[in-house]
Protein chains: 6
Amino acid sequence: MDELKVFTGNAHPSLAKAVTDYLGKPLGKCEVFEFSNENIFVRILENVRERDVFVIQPICSPVNKSLVELLIMLDALKRASAGRITAVVPYYGYARTDKKDQPRVPITARLVADLITVAGAHRVLTVDLHAGQIQGFFNIPVDELTALYILKDYFKKKGLDGNLVVVATDIGISKKARDLATRLNAPLAIMEKRRIGNADKSEALNVIGEVDKRVALTVDDEIDTAGSLVNTVHTLLDKGVKEVYACCTHPVLSGPAISRIAASPVKELVVTDTIPVPPEKRLDKIVVLSIAPLLGEAIQRIHSGQSIGAMFEQA
Amino acid sequence: MDELKVFTGNAHPSLAKAVTDYLGKPLGKCEVFEFSNENIFVRILENVRERDVFVIQPICSPVNKSLVELLIMLDALKRASAGRITAVVPYYGYARTDKKDQPRVPITARLVADLITVAGAHRVLTVDLHAGQIQGFFNIPVDELTALYILKDYFKKKGLDGNLVVVATDIGISKKARDLATRLNAPLAIMEKRRIGNADKSEALNVIGEVDKRVALTVDDEIDTAGSLVNTVHTLLDKGVKEVYACCTHPVLSGPAISRIAASPVKELVVTDTIPVPPEKRLDKIVVLSIAPLLGEAIQRIHSGQSIGAMFEQA
Amino acid sequence: MDELKVFTGNAHPSLAKAVTDYLGKPLGKCEVFEFSNENIFVRILENVRERDVFVIQPICSPVNKSLVELLIMLDALKRASAGRITAVVPYYGYARTDKKDQPRVPITARLVADLITVAGAHRVLTVDLHAGQIQGFFNIPVDELTALYILKDYFKKKGLDGNLVVVATDIGISKKARDLATRLNAPLAIMEKRRIGNADKSEALNVIGEVDKRVALTVDDEIDTAGSLVNTVHTLLDKGVKEVYACCTHPVLSGPAISRIAASPVKELVVTDTIPVPPEKRLDKIVVLSIAPLLGEAIQRIHSGQSIGAMFEQA
Amino acid sequence: MDELKVFTGNAHPSLAKAVTDYLGKPLGKCEVFEFSNENIFVRILENVRERDVFVIQPICSPVNKSLVELLIMLDALKRASAGRITAVVPYYGYARTDKKDQPRVPITARLVADLITVAGAHRVLTVDLHAGQIQGFFNIPVDELTALYILKDYFKKKGLDGNLVVVATDIGISKKARDLATRLNAPLAIMEKRRIGNADKSEALNVIGEVDKRVALTVDDEIDTAGSLVNTVHTLLDKGVKEVYACCTHPVLSGPAISRIAASPVKELVVTDTIPVPPEKRLDKIVVLSIAPLLGEAIQRIHSGQSIGAMFEQA
Amino acid sequence: MDELKVFTGNAHPSLAKAVTDYLGKPLGKCEVFEFSNENIFVRILENVRERDVFVIQPICSPVNKSLVELLIMLDALKRASAGRITAVVPYYGYARTDKKDQPRVPITARLVADLITVAGAHRVLTVDLHAGQIQGFFNIPVDELTALYILKDYFKKKGLDGNLVVVATDIGISKKARDLATRLNAPLAIMEKRRIGNADKSEALNVIGEVDKRVALTVDDEIDTAGSLVNTVHTLLDKGVKEVYACCTHPVLSGPAISRIAASPVKELVVTDTIPVPPEKRLDKIVVLSIAPLLGEAIQRIHSGQSIGAMFEQA
Amino acid sequence: MDELKVFTGNAHPSLAKAVTDYLGKPLGKCEVFEFSNENIFVRILENVRERDVFVIQPICSPVNKSLVELLIMLDALKRASAGRITAVVPYYGYARTDKKDQPRVPITARLVADLITVAGAHRVLTVDLHAGQIQGFFNIPVDELTALYILKDYFKKKGLDGNLVVVATDIGISKKARDLATRLNAPLAIMEKRRIGNADKSEALNVIGEVDKRVALTVDDEIDTAGSLVNTVHTLLDKGVKEVYACCTHPVLSGPAISRIAASPVKELVVTDTIPVPPEKRLDKIVVLSIAPLLGEAIQRIHSGQSIGAMFEQA
C-alpha cells in the first residue's frame, strides 16, 4: 500500500490537525464547502491514486451535514482511484438508534453503516461505540478504539481511588461502567429510572448499590442534554455521596447541557475531544483530554499492518 | 399490491397534503422530528405491512437534513415490512453534481441514487431531473414527470406566443428550452458565458440567436441564486428585447435570489411547487403553479398499474 | 400473496406441529435427512410456487447441523419459486458472539444473518434476541417477539409479587431484567462478577441492590450450563433472600446444566419451548411454557398483513 | 501492483499495438476467436496472477460481438487471478441510449456499465463519452480522456482561427462545441432541427448564431451516418459560410456515411482512431489523428499511480 | 401477479408465435431493431406495469446479437416497471464453456447467467441445458424443461425399440443417453475419442459397449458442425450396426453441418425447434418436433403458480 | 502482498501441518473450539493485517461443523483486516448436490459457494471437484488441483499398465476415468446401473466395454459407503476380470465402507489424504498418498503470483 494521506471535512478540523501533527505529516489538501443552495461540494486537490487514504470526520453537529459531507468525500476519493479508504469516525452519530424497541422505527445506526459502505469506505476506525454490536452492522473491517484508559489514567492520577464508587448513569451503560470500576478497583452502582403510577412523565430515579459516604464517578459513553447527569448528581448527593465527578467519551453537550452542568454541583466533567468543544462551552469544570494520539497511533498501525489490539494489551 | 399509503417528512408537507387531497386519502400518520442532538427520529404510527407506500420528500432546504430524513423514513418503512416503497422526490437535490468535469470531484447525484436504493426504496418518482441520465444512476425503476406542459399551458393562455423567443439561460439547458420553444411555436436563443482575457472572473454573456424586438421567455430547470437569470434579463433588454418572462420547474431561490429578482426588470417568474416557496419569498411577480395534481395522478397510476407515459401522450 | 405454508426441519418438529395446530393447517410435506456421509438432503414434496412459506427451525442442538439444515431448506424453497420465504428462528444460536470484544474474533451473529439472507430468506421471525441490535444485522425485515408477557403472567398468577426482587444474573441482562421488574412492580438487583487479585480464575460475585428478606426472581435470556444461575442462587440465599425463582426464554441447558439445577436450591425454573426440552431434562422444578400460540399468531398476521406490534400493545 | 500487461480483443488490434509500442512493451498473448457456432472463445496464454492488466477494446463494429468479447475477456482474466483489470474502451458504444426520453425504452449505456462491472473490471479508461454522466453509471473508477486538445492543436496549426465559427451540429453537443470554441477563440453557433407542420418527417434546420462570411468548424462527439453533418454543411453554406471543416472524436461512419461525405462540399473531416477506419473508408479529405499516445500515457500513469488530471492541466 | 404478457426479440419469433398461440394470447407489441451503427434499440409498445412478463429468446445465431438483444429487452422491461420478468431461453448459448478445463479460460456460461440476472430477469425458463449444473450458475429460480419425452415418444411410435442400442456420441453426454436408453428399454453404448501417438490431431473413435447387428440411435444435447455425429455413424456402421438414427434437442447446425448430414448414411435426424431451422437447412431426413406446447404449458403454470415438476411426473 | 500465513480449523490439522512443513513455515496460531452449547468460537492469536492468509479446511466429517467452522474463521480473518484470504478446501463437501435433477431440491454446492464468499474468502483452492462446473458456482477465482497425476504415477510404478482396463464405477465419472485411462494408455469401461422391472429397488449393473481377462482399475472422485465399489468389483470378477484395483481422490469412507472394503476381493484401494483417514480405517489394502506437497506448492505459487497451470503442464 502506497503513501498515507489524511483528509478532513468540516466537522472537526482541529482534531484532524492534531492527528496529522502526531503523524508528522501535513493534512491532505481539499475543498469541502457548501454552495448557497446548501449543496456540499468536495474537490480533492492532490493526487490520491493507489494511496492509503484516511478521512477524519466525526458525525457531530451539524449532524446531518457532517454525515453527508463524509459520504461525498468518500465518493470523491473512490472515483479518484484511492487505493484504500478508511473512514475515521471518532464519534459515530445516530448510534443510539441501534434496535427496534418499538414498532416501525428505523435502525439508523445500521443505515449509517450501509451509507458509509456504499459511498466507498473500505474500513472504519472509530472510538467507543454506543453498543459494540454496531461493529457487526458493517461487513468491512472496523477498528474500535476506547478512551477508557485515558479516562482511567486521569482519575488514577487524581488519587480519588481510595473511597470511590463508579456509577452508571443508566442501566444501558452498566457494562462499560463496570469495566472502568474494575480498572479503578472501585465498586459499582447503577442508576435506574422507573415510572411512578400512571402519570405519564413522572419518574423516580433509584440507586442500585451502595454509595453512602463515597466519592462518586459517573460514567457514560456520551453526555447529550446532561439531564440524566444532573438528576444523577442530585440523587447521589441525597443518598449521602460526598462529591460527584463525571466522565464520558463523547461530549455532545446539546441544548441546555452547558447551563445545566454549570448550575449543577458536579465537581468536574472529564471528556475527550472526539467531538469539538467550542470555547463557549469550555466551563472551568469541564476537562477535555485529547484522543488525537490514540487516533494517530491507530492510523499509523493500520497503514503499516501492525496490530491495533496490541495498543491496549499492556493497559 | 395492497392499499396505497402516502407519508411525508418535513421537507414539504403542504405538497404532500395537496397530493393526498387529490387522491382523496388522509396522509399516513408518522412522527419525524429532531432530538436536541439533531438526530432525526422517525416512527411510523400505522401498520404498513404489505402496503403500497409512497414517501413524498423533495431534497430541498435544509438539503442535507431533508435527504437524511428521507433515508431514515425509507429504512423505517423497509423494516416495518412495507410491501413496496416509492420515494417521491419532486426536487432531486445534488442533481447538478452529475459528472466529473474536473479531477477528483464526486458524482453526488449518483451517490444520492445509491443512498436512496440502499435505504430501501423500490422505485422513484421525480420531476424534471437536471439531466435525464440521472435516471440511469438508478437500477430501480424511475418515473420522471415533467412540468413542461404546465408551464406551456400557462404561457399559451397568457397569449404571449405571437412574437416570443424562448431563451436558454445556459448552454446546458438548451435542449429543454428547445422542447418548450417547439411547443410554443417560438424560435430559440441561447445565452453563452465566455471568459474574457486572463482575468479569472470577468465574463462576457453572448446571445446566440435572434432576439431583437421580441418578447423573451427564459427557461431553466431550476433557479438558484438568480444570478444568471438577472444577467440574462439585462443582456436581453440590451439586445432589444421588449420584455422578459422567466420560468423554471424548481424554485430553489437561495441566498440573494429574491432581492435580485425583486430588483430586476423581469416581468414575471413562473415556477412550480416542487420546492416550498415560503410567504416571505412570494413576490408579486412570482407565480407558483401546483405540481400536486400531476404527482397525485402518477401515484394513482403507479399504484394501479396504469401507464405513466399515457399521461403525456395527448400533450 | 398466495396460500400460507409452514415447513419444519429436524431441529424442533413438535413446536412446528403446535404452531400449525394453532393455524389449523397441516405441516408442509418435505424430506429433510442426512445421508451416511452426513450431507443433509432436502426435498420439498409439495408445490410452493408463489406461496407464502414459513420455515420453523431454531438454531439449537445439534447447532451447526440445525443451521446448515435451515440454509439448505431456504435454498430449496428459493429455487422452487416460493413467493415469500420467512425464516422462523425461535432461538437464534450464536447470538452471544455479537461483537468484537477482543482482537481477531468473529461476529458470528452477523455472519449467521448474512448466511440466512444469502440462502434466500425474505424475512425473519424470532423471539427474544440476546441483543436487540441483532435485528440490525439484517437488512431484511425482522419481527422479534418476546416471551416477557408469558413469563410475567405466569409469575403474576403465582402471586409472588408482594415482596419480590427481580435479579439480573449478569450486568449484560440488566435492561431486560428491569423490563420484567417494572411489569411485576418489583425492585431490581444486579449480579456483578469481579476478578479477585491476579489469580486468573478466582472471581467474586457481588449483588448490587437490596435483596435481604425478599423472594428473588432471576432473569436471563437463555440458560446454558447453569453455572451463573447456580452461583447467583447461592449468593442470593447468603445475602438473606428467602427463596429464589428463575426464568429465561431459551432453555439451552447444555453440559452440566440439568445436574446443577437439580442439585441447586432454586425453587422453580420457568422457560419456554423455543428450544426442545427432552423428557430426560424435564425436572419437576422446570416449567415449560409454550411459545407456539405467539408464533402462530405472528405467522397469521405476517401472512395477512396485520400489525405484529398490536399483539403487544395491550400487554 | 505487479507488472503491467496489455491485452486486446479483435475490435481494434492496431490501436492496441500502437499503445503497447508507446509503452515499450509487447502485447499480452491470448487467443480470442469465434467457433463455427459463433461462440467466442478466449484463452489467455501467459500468467496474469496479481498482474496489473489492461484490455483494449472499443465497442465498435461488429458492436455486439465486440462487447461480448470484452466481457468474456474480463471473465477469463478475473478467473485467472489478475490483480487489477482495467477495461480500456476508447469508444463506448450504446452511449447514446443514456436516458428514457420516451416510455418503455432501455438505458443501454447503464446496462453496458453493469455488464462490464459484473464481468470483472475494476476500473475503466475511456475517451470522450457522449455524456459525462455516463461516468456516474459506474461505481468503479472511470478515467475519461478527451481528444479535444488533439483536435484543437490540429486546427490551431492549420491557422484557421482568424475568422472561424465553431458550430454544434445539434443542440445536444453545444456544450462540447463551446469548449472547443473557447479554446480556438471563436464564436459559437448551434444547429437546431425543428419539425414543420404536422407532416411527420419534414424538418427545418435552423442556425442559431452568426455564421455569415466565416469559416465554419462543426463539432460532434461521433459521426455515424453523416446525415446531420451533410445537412449542416449545406445549410451553413446557404447561410453564407465560406467553407466548412468538420471534426469529431469517434468515426463510426456507418451505412451511407462515406458516400455522403465524399459527395459533400465539406473541406476536411478530422477524426481520431478510437474506432478503426479501414482503408476503404479513408477518403482523402478524412484525416485520422492517433489517440494511442494519450491512451498509452494514461495507462502508464494509472499503473504507476500518477495523476491523469495532470495530463490536461497545461492544455 | 397481474396479467401475463409474452414478448419476443428477433432470435426466434416463429417459436414465440407458436407459444402465444398455445396460450391463446397475442404477442406483446414491441420494436426491437438495429440502427445503422448496429446498436440494438428496444421499445416496448404496451404498458407492462406490474404485469407478469415473459421474453422468449434463444441465444442462437446471430449468437452475440441475440444475447445482447435479450439483455436490452430485460433492461427496458425492468425500467418499465414490469412486475415479474422471466427470461425464456429455449437454447442457452455458450453452455459448453461451463468449466475451466485449461488454464486462463472463461466460464462463459456463468458469465451469461450473471448478465441475464444483472439486466433484470427474475427467473429463467430453459430447455435441456448442456449440464444441469448451469442451473446453479443462477441464484434466481430456473425451470429446466426437457425434450426427452418428446424424442422418446417419437421413437416409440416409430417402433424401433425391438433391437435398439442408444449411443452417446461423446462420454460427456453418456448420462443423458442413459436416461433415453432406460425409457426406450435399450442398452447403452458410448463413443470415446482417443488421441493416437504424439501426432497432435489424429484420433481414434472407440465404441464402448455392444452394438453389432443392432439399430443405433445416437443422442446429443446439441448438434453443431455434425463432425462427431458423422464420425459416429461411420464407426457404428463399421462395427456392424444395421442403421443409425440420430436425435438431439438443439439443432445448432453451424458451418458444414447440413452438407455433412446430407452426405452421411444417417437415416434420420430428429431435433426440436428450440433454435430455428430455416428452410434451406430442412433436409428430408431432418425431422423437427415442436417445443412450443411444452414452453406454453410451462409459462401458463409459472404464471398461475402450478407445479412444473408435475408436467413430467406421468411421463 | 505481505507475508504468507496458513491457519487450520479442526477438520484436518495434520494435513495443514504437512503443508506448512512443505512451506517451511509454522502454522498460524489460533483457537478454534466448541463451547458446551456447541457454538464454535474462533480467536486468531497473531496479527494478520494485510497478510496473505490461507485457511486449510476440508468440508469433511463432521461435515456441517467443518463447514460452519470454516465460515467463522473466514469472518474472523476478514474482520481482523487480513489482506487476502484463500479458503483451501481440499475436499469440497456437498459437491454431489450440484443440480436440480428432481423438483424442489436445493443446489447445495452453489449454496456452499455463496456461504464461503459471503463469509469473506477472496479466492478458493480445491482438489478434484465432483464436477468442474462447481468452479462456475463462484465469482471469485478458484484454483482446482488434481490428484490424477499422483494416482497415475502410483499405478505406473506398479507396472500394471500392460493389460489394464480403467473402469468408471458410474456413468457420471466416465470423463474423469477416461482422463486416467488415456494417461495409463488403457482402454475404458463404464459401469451402468439399470432398474429392473417395476420393483423399486432392484437394479442390474451392466459393464459397458471389454474387460475379460484384464486387470481392472476402478476410478471415482470419492468413495462414500463403498456400495458401488463393492458391486463393481463383484460384477467385474464375474465378467472375467483377473483382479481389481481401485482408486479415488477423496476417501469419505462413511458408514459401512470399511467393513465392505475389508470383505471385498478388491486388491488395493489407493486414495489421497484430502480427508483424514483415521488409524481405525487404515486397512492394509488401503494406500494413502499425500496431497500436501501439491497444496503447498500451489499456495506458494498463489502467494508469489506464479502460474498454477504450469504445475500440470509437464505432466
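Cut-offs used in this document
- Residues numbered from 1 in each chain as written.
- Chains lettered and ligands numbered in written order.
- Predicted model: local features only at pLDDT ≥ 70, side-chain atom pairs only at ≥ 80, totals over all residues.
- Heavy atoms only, no water.
- Least-squares fit on C-alpha atoms with pLDDT ≥ 70 in both.
- Contact = heavy atoms within 4.5 Å.
- Salt bridge = Lys/Arg side-chain N within 4 Å of Asp/Glu carboxyl O.
- Helix = DSSP H or I, 4+ residues; strand = E, 2+ residues; numbered from the N terminus.
- Buried < 20%, exposed > 50% of the residue type's maximum accessible area, 1.4 Å probe, protein only.
- Pairing = 2+ DSSP bridges.
- Axes fitted to C-alpha atoms, helices over the stretch in contact; angles between N-to-C directions.
- Buried area = accessible area lost by both parts, 1.4 Å probe.
- Domains from an automatic or database assignment.
- Polar contact = N/O pair within 3.5 Å; in protein donor to acceptor, adjacent residues only side chain to side chain.

Colleague: Can you tell me about the relation of the copies chain E and chain D, naming the residues and giving the values?
Modeller: Here chain E sits on chain D after a turn of 180° about the axis and a move of 0.0 Å along it, with an RMSD of 0.0 Å. What the rotation and shift describe, once combined, is the action of a two-fold rotation axis. Interface overlap between copies: 98% of the residues of chain E at the interface are likewise at the interface in chain D, consistent with a symmetric, same-surface contact.

Colleague: Which residues make up the pattern of salt bridges, and what values go with them?
Modeller: All chains considered together, the criterion is met by 138 salt bridges over all chains. Of the charged contacts, one joins Glu268(A) and Lys158(A) as a salt bridge, the two residues approaching to 2.8 Å between their closest N and O atoms. Of this pair, Glu268(A) sits in strand 13 (residues 268-272) while Lys158(A) sits in helix 4 (residues 148-158), and the two are 110 residues apart along the sequence. The exposure class of Lys158(A) is partly exposed, given its relative accessible area of 32%. In this structure, Asp179(D) and Arg178(D) form a salt bridge, with 3.6 Å as the shortest nitrogen-oxygen distance.

Colleague: Talk me through the sheet that holds strand 7 (residues 142-145) of chain B; I want residue IDs and the actual numbers.
Modeller: All names here are of chain B. Judged by pairing direction, the sheet is parallel, and its five strands sit side by side in the order 1-4-5-6-7 without closing on themselves. Across the chains shown, the open sheet's two edge strands, defined by having one partner strand only, are strand 1 (4-8) and strand 7. In this sheet, adjacent strand axes meet at a mean angle of 20° when their direction is disregarded. Sheet analysis places strand 1 next to strand 4 (residues 52-56), joined by five bridges and oriented parallel. Looking across to strand 4, one finds that Val6 is bridged to Phe54. Against the sheet, helix 8 (residues 292-304) makes contact with strand 1, strand 4, strand 5 (84-89), strand 6 (123-127) and strand 7, and its axis sits at roughly 155° relative to strand 6, the strand it touches most.

Colleague: Which residues make up the environment of Glu31(F), and what are the values?
Modeller: Residues and elements named next belong to chain F. As for its position among the elements, Glu31 is in strand 2 (residues 30-34). The sequence separation of Glu31 and Val42 amounts to eleven residues, and the corresponding C-alpha distance is 5.5 Å. Contact partners of Glu31, with chain neighbours within four places excluded, come to Phe41, Val42, Arg43 and Leu45.

Colleague: Now, about the interface of chain A and chain D: what can you tell me, with residues and values included?
Modeller: Facing seven residues of chain A, the contacting portion of chain D comprises 13 residues. Summing both sides of the interface, chain A and chain D together bury roughly 810 Å²; the carbon and sulfur share of this comes to 34%. At the junction of chain A with chain D, the criterion picks out two salt bridges. With a closest N to O distance of 2.6 Å, Arg49(A) and Asp143(D) form a salt bridge.

Colleague: Residue-level account of the environment of Gly24(E), with values.
Modeller: Residue and element names in this part refer to chain E. By the secondary structure assignment, Gly24 is in the loop between helix 1 (13-23) and strand 2 (30-34). Overall, the relative accessible area of 66% leaves Gly24 in the exposed class. Spatially, the C-alpha atoms of Gly24 and Gly296 are 9.7 Å apart, while their sequence positions differ by 272 residues.

Colleague: Now, about the domain arrangement of chain A: what can you tell me, with residues and values included?
Modeller: Residue and element names in this part refer to chain A. Each assigned domain of chain A is listed here: domain 1 (4-146 + 293-312) and domain 2 (148-290). If you look at the interface, domain 1 gives 16 residues, while domain 2 gives 15 residues. Buried surface at the junction of domain 1 and domain 2, both sides included, amounts to about 1400 Å², of which 54% is carbon and sulfur. Where domain 1 packs against domain 2, one counts nine residue pairs in polar contact (both at pLDDT 80 or more).

Colleague: I'd love a proper account of the relation of the copies chain A and chain D, names of residues and values included.
Modeller: One copy of the chain maps onto the second through a rotation about an axis and a displacement along it. Rotating chain A by 120° and translating it 0.0 Å along the rotation axis places it on chain D, where the RMSD comes to 0.0 Å. The superposition operator between the copies reduces to a three-fold rotation axis.

Colleague: Before we move on, could you go through unusual backbone geometry and cite the residues and values that matter?
Modeller: The residue after Ser61(A), namely Pro62(A), is reached through a cis peptide bond having omega -5°. Note on placement: Pro62(A) falls in the loop between strand 4 (52-56) and helix 2 (63-79). With a phi close to 35°, Asp128(C) is a non-glycine residue in the positive phi region. As for its position among the elements, Asp128(C) is in the loop between strand 6 (123-127) and strand 7 (142-145). With relative accessibility at 9%, the residue Asp128(C) sits in the buried group.

Colleague: Pulling in residues and values, what's your account of the sheet that holds strand 11 (residues 215-223) of chain C?
Modeller: All names here are of chain C. Strand order in the open sheet formed by seven strands is 10-9-8-11-12-13-14, and the pairing between neighbours is mixed. Each end of this open sheet is capped by a strand with a single partner; those strands are strand 10 (203-208) and strand 14 (286-289). With direction set aside, neighbouring strand axes in the sheet form an average angle of 25°. Sheet topology places strand 9 (residues 188-195) next to strand 10; six bridges connect them, and they run antiparallel. Looking at strand 10, one finds that Arg194 is bridged to Ala204.

Colleague: Please give an account of the interface of chain E and chain D that cites residues and values.
Modeller: Facing 49 residues of chain E, the contacting portion of chain D comprises 48 residues. Where chain E meets chain D, there are zero salt bridges. Across the chain E-chain D interface, the total number found is 20 residue pairs in polar contact (both at pLDDT 80 or more). Among the elements of the structure, strand 3 (40-44), helix 2 (63-79) and helix 3 (108-119) of chain E are those that each provide at least two residues to the side of chain E that touches chain D. At ten residues, helix 2 of chain E tops the list of elements feeding residues into the side of chain E that touches chain D.

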